[in-house]
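The lines below spell out each chain.
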Amino acid sequence: MDENKEYKENDQESVDDSNIKENVVIDGDYAGDSEDTQAEQEVNTLENQLVDLQAQVEKEKKEYLFLAAEFDNYRKRTLKEKAEIIKNGGENVLKGLLPIVDDFERGLKAAESDSDAKSVLEGMTLIYNKLIKYLESMGVKEMVSTGEVFNSDLHEAIAQVPAPSEDMKGKVLDTVQKGYILNDKVLRHAKVAVAQ
């Protein structure tokens, strides 16, 4: 009987051990299921983020292409406008010169029929003054050179002559061709004779 009792106790222990093992396996499977579910959720979350990021990249790519095309159109338009300005930039200047040309034509006709040099001179002086006034209105000013210290930024020395006095050395003695300034920029250098 003792053997039976001992056998039952051993049998009971093995039943208890198998229950524990089953519980562990069941708990293990349950824990595994939980980890699988969490991993699947993380994968799904990452996949959703990936889809969202891909959609965002596509959207930004389209916006970039749109902006690039818009900039290219802007660049072409400004180049065209710039070419047009360069081509027709002098239009206003030339329109202002046309009345002066008209005056010259009238003066030439009058000079043909009139032999008086004084009246021709007066007509030419009026036209000259009108032209100078127009140039000044456009920002062109005559350079004063004679008697000034030679400045290579403003003057072009075409001759060097002996100085009449010591204080005239390095100064402009004579202006052969006038120089002009347009809005503080040299339009044409004055051709001068410099004292040495």
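Residues numbered from 1 in each chain as written. Predicted model: local features only at pLDDT ≥ 70, side-chain atom pairs only at ≥ 80, totals over all residues. Heavy atoms only, no water.

Enquirer: What should I look at first to understand the overall build of the chain in this one?
Expert: Within the chain, the secondary structure is distributed over three helices and six strands. When the helices and strands of the chain are listed from N to C terminus, the series reads α-α-α-β-β-β-β-β-β. Sorting the 196 residues of the chain into buried and exposed places 9% on the buried side. Sequence-distant contacts in the chain: of pairs separated by 6 or more residues, those separated by 24 or more amount to 63%. (Helix = DSSP H or I, 4+ residues; strand = E, 2+ residues; numbered from the N terminus. Buried < 20%, exposed > 50% of the residue type's maximum accessible area, 1.4 Å probe, protein only. Contact = heavy atoms within 4.5 Å.)

Enquirer: What is the right way to look at the sheet that holds strand β6 (residues 190–195) in this model?
Expert: What holds strands together in a sheet is hydrogen bonding between their backbones, with the strands either parallel or antiparallel. Sheet architecture is open: three strands sit in the order β2-β6-β3, paired in mixed fashion. Strands at the two margins of the open sheet, each flanked by one partner only, are β2 (155–161) and β3 (172–177). Each neighbouring strand pair of the sheet contributes to a mean axis angle of 30°, computed without reference to strand direction. Where β3 lies against β6, four bridges are found, and the strand directions are antiparallel. (Pairing = 2+ DSSP bridges. Axes fitted to C-alpha atoms, helices over the stretch in contact; angles between N-to-C directions.)

Enquirer: Looking at this structure, I do not really get the side chain of His-155. What am I missing?
Expert: Along the chain, the position of His-155 falls in strand β2. Among the polar contacts made by the side chain of His-155, one reaches the side chain of Ser-145 at a distance of 3.4 Å. In contact with His-155, not counting residues within four places along its chain, are Ser-145, Val-149, Phe-150, Val-172, His-189, Ala-190 and Val-192. (Polar contact = N/O pair within 3.5 Å; in protein donor to acceptor, adjacent residues only side chain to side chain.)

Enquirer: How should the sheet that holds strand β1 (residues 140–142) be read in this particular structure?
Expert: Spatially, the three strands line up as an open sheet ordered β1-β4-β5, and their pairing is antiparallel. Two strands bound the open sheet, and with one partner strand each, they are β1 and β5 (185–188). For this sheet, the mean angle separating the axes of adjacent strands, direction not counted, is 35°. Examined bridge by bridge, β1 and strand β4 (residues 180–182) share three bridges and lie antiparallel to one another. Bridging from a neighbouring strand, Val-140 pairs with Leu-182 of β4.

Enquirer: Could you clarify how one ought to interpret the confidence of the model for the chain in this entry?
Expert: Close reading of the predicted structure is inappropriate where its pLDDT is low. Per-residue confidence for the chain gives a mean pLDDT of 82; residues scoring 70 or more make up 83%. The least confident element of the chain, judged by mean pLDDT, is helix α1 (residues 2–88) at 76; the most confident is β6 at 93. Contacts from residues 18–31, a stretch scored under 50 in pLDDT, to residues over four places away or in other chains number zero contacts. (pLDDT = per-residue confidence, 0-100.)

Enquirer: Help me understand the packing of aromatic side chains, please; the structure alone is not making it clear to me.
Expert: Think of a pair of aromatic rings as described by two things: how far the centres are apart, and how the planes are tilted against each other in angle. Inspection of every chain in the model, using the stated rule, returns one aromatic pair. Consider the rings of Phe-71 and Tyr-74, whose centres lie 6.3 Å apart with planes at 35°: the pair is tilted. Note that Phe-71 and Tyr-74 are positioned in helix α1 at a spacing of three residues, about one turn of the helix. For Phe-71, a relative accessible area of 53% translates into the label exposed. Judged by relative accessible area, Tyr-74 falls into the partly exposed class, the value being 44%. (Phe/Tyr/Trp six-rings, centres within 6.5 Å; stacked < 30°, edge-to-face > 60°.)

Enquirer: Just to check I follow, could you spell out helix α2 (residues 91–113) for this structure?
Expert: Structural remark: α-helix, 3.6 residues per turn; residues separated by three or four positions point the same way. Across its 23 residues, α2 extends 34 Å between first and last C-alpha, which sits within 8% of the 33 Å expected from 1.5 Å per residue. Along α2, the sharpest kink reaches roughly 25°, centred on Leu-98 and followed within four residues by the proline Pro-99. (Expected span 1.5 Å × (residues − 1). Bend = angle between axes of the 7 residues up to and from the residue.)

Enquirer: Is there a simple way to think about the nonpolar core in this case?
Expert: Generally speaking, soluble globular proteins have nonpolar side chains that are buried together. By size, the foremost hydrophobic cluster in this structure holds five residues: Met-143, Val-172, Ala-190, Val-192 and Val-194. No other element matches the three residues that β6 contributes to this core. (Core = buried A, V, L, I, M, F, W, Y, C linked by side-chain atoms within 4.5 Å.)

Enquirer: In this structure, what is going on with the pattern of salt bridges? I would like to understand it.
Expert: Two side chains that carry opposite charge are able to pair once their charged atoms sit near each other. In this structure the tally under the stated criterion is six salt bridges. When the shortest N-O distance is used, the salt bridge between Arg-75 and Asp-72 registers 2.6 Å. Within this pair, Arg-75 and its partner Asp-72 are both found in helix α1, separated by three residues, close to a single helical turn. Here Asp-72 falls in the partly exposed class, since its relative accessible area comes to 24%. If you follow the salt bridges from partner to partner, you end up with Asp-72, Arg-75 and Lys-76 in one network. (Salt bridge = Lys/Arg side-chain N within 4 Å of Asp/Glu carboxyl O.)

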